[in-house]
Amino acid sequence: MKKIVLLGVISTLLLVASEGEKVFKAKCASCHSEFFSIEKLTENFMQRDNKLLNLKAPTLNQLSFRLKQQIGDPKGDEDMHRMEVGAFIADYLINPDKQKSVCMDDVIKHFDTMPSMKDKIDDDEIEAVNEYIYDYDKNLLEAKKVKNEKFSVALERAKKENKIIMIKATSEHCHYCKKMDREVFIEDEVIEAMNKDFISVTVDVSKEQMPLSINVSMTPSFFFVNKNSQIIKTIPGSWNKMDFLTILKEAKVANKKGNK
Ligand code: HEC
């Protein structure tokens with residue numbers, strides 16, 4: 001009996017997830033595009049007056065991130081936060097008002113107020129689309145971002161594949177670590193460069209020990225390690241995409257020197 005109930009709950013949850021995507025595609029996507037990288041969006045809104053992408057509304061990845069960042073307590077209880085964000089969206093769909101916007105002024109100034117969806121969307125659809133919006137940003141990041149290995153596995157692979165290990169030190173509430181995840185480690189060029197010559201190891205120093213007894217003074221910090229477990233380069237701090245790509249190049253040069 002219990003099992004049947006549980007199965008029912010699980011399948012309802014799965015249904016909600018895919019329902020949400022369906023509702024979004026049918027009722028929101030005509031105005032809200034799904035995804036553009038932060039770099040493209042910044043160029044579009046800040047430098048090109050929206051002429052680069054000609055967007056009709058904020059994108060889904062912008063919405064997902066901004067709503068969660070601006071509404072309620074992002075660091076508090078997740079179920080509570082989900083409800084708060086959901087309540088904001090539900091209200092906005094019926095009573096849109098640019099004054100309530102969570103988007104940056106430089107973004108929102110390009111748009112007229114969204115038309116109300118009163119009588120065009122029902123409560124179940126709102127609930128489903130809320131879940132989809134809430135989870136979008138996190139799911140996207142998980143699917144796209146550079147993959148990580150444990151240090152021991154990374155060392156084996158570095159020897160076999162002649163690669164450099166990059167140990168990234170992060171911590172739980174590190175704002176700039178999350179910023180880099182969203183703006184750098186999700187970029188195709190960075191993923192390509194990392195996959196070609198590097199193996200990524202991420203260590204949350206608020207929970208785990210660093211390998212090789214490395215001392216960490218700030219997060220994020222990046223430690224490049226060769227296949228003989230020697231640290232060839234240490235880079236503290238947060239970087240944008242171009243700077244980070246340069247750092248990767250420098251790490252390759254340092255690695256060649258060490259291997260001579
Ligand atoms: C006809 C075009 C259109 C459709 C359809 C549409 N939107 Fe919008 N939406 C906009 C525009 C334009 C804005 C930005 C201006 C504003 O905030 O009112 C916006 C803003 C929003 C915001 C507020 C963002 C902020 O600035 O805080 C939310 C939330 C939102 N939309 C959700 C949805 C959802 C969910 C759907 C589908 C159920 C949807 N929209 C359908 C055009 C649309």
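Notes on the structure follow. (Residues numbered from 1 in each chain as written. Predicted model: local features only at pLDDT ≥ 70, side-chain atom pairs only at ≥ 80, totals over all residues. Heavy atoms only, no water.)

### Overview of the overall build of the chain
At step 1: When you go through the chain residue by residue, the secondary structure sums to 10 helices and 4 strands.
At step 2: Secondary structure of the chain in N-to-C order comes out as α-α-α-α-α-α-α-β-α-α-β-β-β-α.
At step 3: Projected onto its principal axes, the C-alpha positions of the chain cover 70 × 60 × 30 Å.
At step 4: Burial analysis of the chain (260 residues in total) assigns 41% to the buried set.
At step 5: Contacts in the chain between residues far apart in sequence, at least 24 positions, make up 66% of those at least 6 positions apart.
At step 6: Per element, the accessible surface of the chain, about 15300 Å² overall, is 54% carbon and sulfur. (Helix = DSSP H or I, 4+ residues; strand = E, 2+ residues; numbered from the N terminus. Buried < 20%, exposed > 50% of the residue type's maximum accessible area, 1.4 Å probe, protein only. Contact = heavy atoms within 4.5 Å. Areas by Shrake-Rupley, 256 points an atom, 1.4 Å probe, with all protein chains shown as cover.)

### So, the coordination of the iron atom of the ligand
At step 1: All of the protein donors around the iron atom of the ligand are His32 (NE2) and Met114 (SD); their distances to the metal are 2.0 to 2.2 Å.
At step 2: For the iron atom of the ligand, the 6 donor atoms in the first shell make angles of 85 to 179 degrees at the metal, so the coordination geometry reads as octahedral. Within this pair, whereas histidine 32 is found in the loop between helix 1 (2–27) and helix 2 (38–47), its partner methionine 114 is found in the loop between helix 5 (105–108) and helix 6 (123–144), the two being separated by 82 residues in sequence.
At step 3: On the accessibility criterion, methionine 114 (22% relative accessible area) is partly exposed. (Donors = N, O, S within 2.8 Å, 3.2 Å for Na, K, Ca; no water. Tetrahedral: all angles 85-135°; square planar, octahedral: opposite > 155°, others 65-115°.)

### Quick word on the site of the ligand
At step 1: As a structural note, the neighbourhood of the ligand is formed by 24 residues, with Cys28, Cys31, His32, Ser101 and Met114 the closest of them.
At step 2: The contact in question runs from an oxygen atom of the ligand to an N or O atom on the side chain of serine 101, over 2.5 Å.
At step 3: Between the ligand and methionine 114 there is a distance of 2.9 Å, counted from an oxygen atom to a backbone nitrogen or oxygen. (Near = heavy atom within 4 Å. Polar contact = N/O pair within 3.5 Å; in protein donor to acceptor, adjacent residues only side chain to side chain.)

### Things to note about the environment of valine 253
At step 1: For valine 253, the location among the structural elements is in helix 10 (residues 241–259).
At step 2: Classification of valine 253 as partly exposed rests on a relative accessible area of 47%.
At step 3: Along the backbone, valine 253 and arginine 182 are 71 residues apart, and their C-alpha atoms lie at a distance of 27 Å.

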